[in-house]
Amino acid sequence: MKKVFAFAAGVLLFFACNNKEKQQENEGSGSAYQYIEIRQEQSFTGEAGPVTETEPQSIHAAHDSLAYLEAFKLFILSNAENVRNIESGSLTFNFPIDFKLLDPTGKDIAKTVTFATKQAKENEIFDEYIGE
């Protein structure tokens, strides 16, 4: 009986550990950052509406610069989507005007992240998703 119990406990432990590993793979590696987009509504007549913030979106990255590049890509993709909405004749626009990137401690690092290739990487992302 003890052997059956030990075997069952071992099987449960194996599956529990395996599930934890799969969950970590799905979440990505590194620390959890939060991307928050700042948007402003505007009517087709040009009247500015309220400035709002989106719900935080998780980004997992090994360090601040990689998290920043992912956040910048999300911001550019949002702008590209907005351009498509304008081209399709939408009468109200919700322009992404800025973003926050909260580090694991909750500090906004979007404006303070620096690294040697920052401008070049931003240009690459812009060209890839917006183009000329």
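The notes below deal with the structure included here. What you see is a predicted model, and the numbers here were worked out from it, not measured in a lab.

1. A look at the nonpolar core
Taken as a class, soluble globular proteins show a tendency for nonpolar side chains to be buried jointly.
Part 1 of the reasoning: Counting 18 residues, the largest nonpolar core has Y33, Y35, I59, Y68, F99 and L101 as the members making the most contacts within it.
Part 2 of the reasoning: Secondary structure elements with two or more residues in this core: β1 (31-43), β3 (57-61), α2 (64-87) and β4 (92-102).
Part 3 of the reasoning: Of all the elements, α2 adds the most residues to this core, at eight residues.
Part 4 of the reasoning: With sequence-adjacent residues up to four places away left out, Y68 is seen in contact with F99, L101, A110, V113, F115, K118 and E122.

2. Quick notes on helix α3 (residues 118-129)
Part 1 of the reasoning: The terminal C-alpha atoms of α3, which comprises twelve residues, lie 17 Å apart, in line with the 16 Å expected from a rise of 1.5 Å per residue.
Part 2 of the reasoning: Residues of α3 that are buried include every one of K118, E122 and I125, and no others. With its buried residues spanning 65 degrees around the axis, α3 presents them on a single face.
Part 3 of the reasoning: For α3, the elements touching its buried residues are α2.
Part 4 of the reasoning: Residue G131 follows α3 closely and has a positive phi angle near 80 degrees.

3. Examining the pairing of β1
Two faces make up the sheet, and in a regular strand the side chains alternate between them.
Part 1 of the reasoning: As paired elements, β1 and β3 share five bridges and run antiparallel to each other. Pairing of A32 across the sheet is with H60, part of β3.
Part 2 of the reasoning: Where β1 and strand β2 (residues 48-53) come together, four bridges link them in antiparallel fashion. Counted as the bridge partner of Q40 is V51 from β2.
Part 3 of the reasoning: Adjacent in sequence and paired antiparallel, β1 and β2 are bridged by four residues, among which G46 carries a positive phi angle near 95 degrees.

4. With respect to the side chain of S78
Part 1 of the reasoning: Structurally, S78 can be placed in helix α2.
Part 2 of the reasoning: One polar contact links S78 to R39, side chain to side chain, over a distance of 2.6 Å.
Part 3 of the reasoning: Residue contacts for S78: discarding those within four places in its chain leaves E37, R39 and P96.

5. Concerning the packing of aromatic side chains
Part 1 of the reasoning: Per the stated rule, a full pass over the model turns up five aromatic pairs.
Part 2 of the reasoning: Consider the rings of Y68 and F115, whose centres lie 6.4 Å apart with planes at 70 degrees: the pair is edge-to-face. Taken as a pair, Y68 in helix α2 and F115 in the loop between β4 and α3 lie far apart in primary sequence, 47 residues in all.
Part 3 of the reasoning: Judged by its relative accessible area of 5%, Y68 falls in the buried class.
Part 4 of the reasoning: Note on F115: relative accessible area 21%, which makes it partly exposed.
Part 5 of the reasoning: Joined through ring pairs, the aromatic side chains of Y35, Y68, F72, F75, F99 and F115 make up one cluster.
Part 6 of the reasoning: In this structure, K111 is placed above the aromatic ring of F99, and the distance from its NZ or CZ to the ring centre is 5.9 Å.
Part 7 of the reasoning: Lying across the ring of Y68, K118 places its NZ or CZ 4.6 Å from the centre.

Criteria and thresholds
Throughout, a residue's number is its position along its own chain's written sequence, starting from 1. At least 70 in pLDDT is required for a residue's local features to be given in this predicted model, at least 80 for side-chain atom pairs to be given and counted, and no such filter applies to totals for whole chains, interfaces and linings, which use all residues. Excluded from the side-chain calculations are hydrogens and water; all other atoms, namely the structure's heavy atoms, are used. By nonpolar core we mean a set of buried residues, namely Ala, Val, Leu, Ile, Met, Phe, Trp, Tyr and Cys, connected to one another through side-chain atoms within 4.5 Å. Each residue is placed in one exposure class: buried if its accessible area under a 1.4 Å probe, protein chains only, is under 20% of its type's maximum, exposed if it is over 50%, and partly exposed if it falls in between. The numbering of helices and of strands both runs from the N terminus, where a helix is a DSSP run of H or I of at least 4 residues and a strand a run of E of at least 2. Should any heavy atoms of two residues lie within 4.5 Å, those residues are counted as being in contact. Here a helix's expected span is defined as the number of its residues, less one, multiplied by 1.5 Å. The arc in question is the one spanned by the directions pointing from the helix axis to the C-beta atoms. Only strands joined by at least two bridges in the DSSP assignment are considered to pair. The definition of a polar contact used here is a pair of N or O atoms within 3.5 Å, where within protein one atom must be able to donate a hydrogen and the other to accept one, and adjacent residues in sequence count solely through side-chain atom pairs. Stacked, edge-to-face and tilted labels apply to pairs of Phe, Tyr and Trp rings (six-membered ring for Trp) whose centres lie within 6.5 Å, assigned for plane angles under 30 degrees, over 60, and everything in between, in that order. Only lysine NZ and arginine CZ atoms are considered, and such an atom sits over a ring when it is within 6 Å of the ring centre and within 35 degrees of the ring normal.

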